[in-house]
Amino acid sequence: MKHEALASAITAIDDDLLQDAITAPPVPRRPAFGRWGAIAAALLLVFGISVLWQQAGALRLSVGETTIGSQPVPAVTETTPRTATEPALHTLGSLEVTLTLSGRGEWQLSTADGELQITQGDTVSAWSSTQQGRGACTVLWAIPQPMAGETYRLTLNAQTMTLSQNEQGVWMIQKA
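Residues numbered from 1 in each chain as written. Predicted model: local features only at pLDDT ≥ 70, side-chain atom pairs only at ≥ 80, totals over all residues. Heavy atoms only, no water.

A. Quick look at the sheet that holds strand β1 (residues 60-63). Spatial strand order, β2-β1-β4-β9-β6-β7: 6 strands in an open sheet with antiparallel pairing. Each edge of the sheet is formed by a strand with only one pairing partner; in this case those strands are β2 (66-67) and β7 (123-124). For strand β6 (residues 115-120) and β7, the ladder comprises 2 bridges, and the chain directions are antiparallel. Bridging from a neighbouring strand, Thr119 pairs with Val124 of β7. (Pairing = 2+ DSSP bridges. Helix = DSSP H or I, 4+ residues; strand = E, 2+ residues; numbered from the N terminus.)

B. Summary view of the nonpolar core. By size, the foremost hydrophobic cluster in this structure holds 25 residues, and its most contacted members are Leu99, Leu109, Trp141, Leu163 and Ile173. Put simply, the parts of the chain that give this core at least two residues each are β1, β4 (94-102), β5 (106-111), β6, β9 (137-144), β10 (152-156), β11 (159-165) and β12 (171-175). (Core = buried A, V, L, I, M, F, W, Y, C linked by side-chain atoms within 4.5 Å. Buried < 20%, exposed > 50% of the residue type's maximum accessible area, 1.4 Å probe, protein only.)

C. View of the pairing of β6. Pairing of β6 with β9, which is carried by 5 bridges, proceeds in the antiparallel orientation. When the sheet's bridge partners are listed, Glu115 is paired in β9 with Ala142. Hairpin connection, β6 to β7: the antiparallel pair is bridged by 2 residues, and Gly121 has positive phi, about 65°.

D. Here's a closer look at a negative patch on the surface. Residues Asp14, Asp15, Asp16 and Asp20 make up a contiguous surface patch of negative charge. Relative to the helices and strands, Asp16 resides in helix α2 (residues 15-23). Take Asp16: its relative accessible area is 53%, and that puts it in the exposed class. (Patch = residues over 30% accessible without salt bridge, like charges linked within 9 Å, V, L, I, M, F, W, Y side chains within 5 Å. Areas by Shrake-Rupley, 256 points an atom, 1.4 Å probe, with all protein chains shown as cover. Salt bridge = Lys/Arg side-chain N within 4 Å of Asp/Glu carboxyl O. Lys, Arg positive; Asp, Glu negative; His and termini not counted. Charge placed at Lys NZ, Arg CZ, Asp CG, Glu CD.)

Here you go:
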C-alpha cells in the first residue's frame, strides 16, 4: 500500500469505533487449569489402569476362595478341630493340601517337605518336589507322615508359605 492510501484508511475510521474499542471489556481467557486438569485426569486414568492390570496378573495362592496371606488360613477343612483335653496333635497317614494358583505369568513351586502335583486343564503332572509352569492351576501338596509341631514350607517363586498345626489340631497355611 502507498502512504497516501494508508493515511486515508486510518483517517477514515469512525471515532465511535475507536471509542468502543478503547472502552470494550477484554475478552475473558479460559483458565489454564481446565486444560491441565484434563491432562492430569488422563494420566491418572492410565496409571490406575496399569496398576489394576499388574495386580490382576500377580500370582496368588489360595485355599478354596481364601487367598493365602500373612494371616493363617485353614489348609485342610475336612479336619475336625481337637480340644485342649485331647492328646498330642498329629495326623495319621499323609496330609494332602489342595491349593489354587491363579494369575498370569510364569511360576515355580518347590518344597522340601513332600511332593507336588499340578493340574492345568486336562493335564496332570507327575509327583515331584519342584514344578514350574505358566498361568492358573490346581496344586496338590502331599506330605507323607506329617508330625505335630513341625512346620512345612512351600515356595512360590520367591515367596514362602508355611504349613503347621495350631493348638486345636487344624493345619494352617500362611505367607512366611
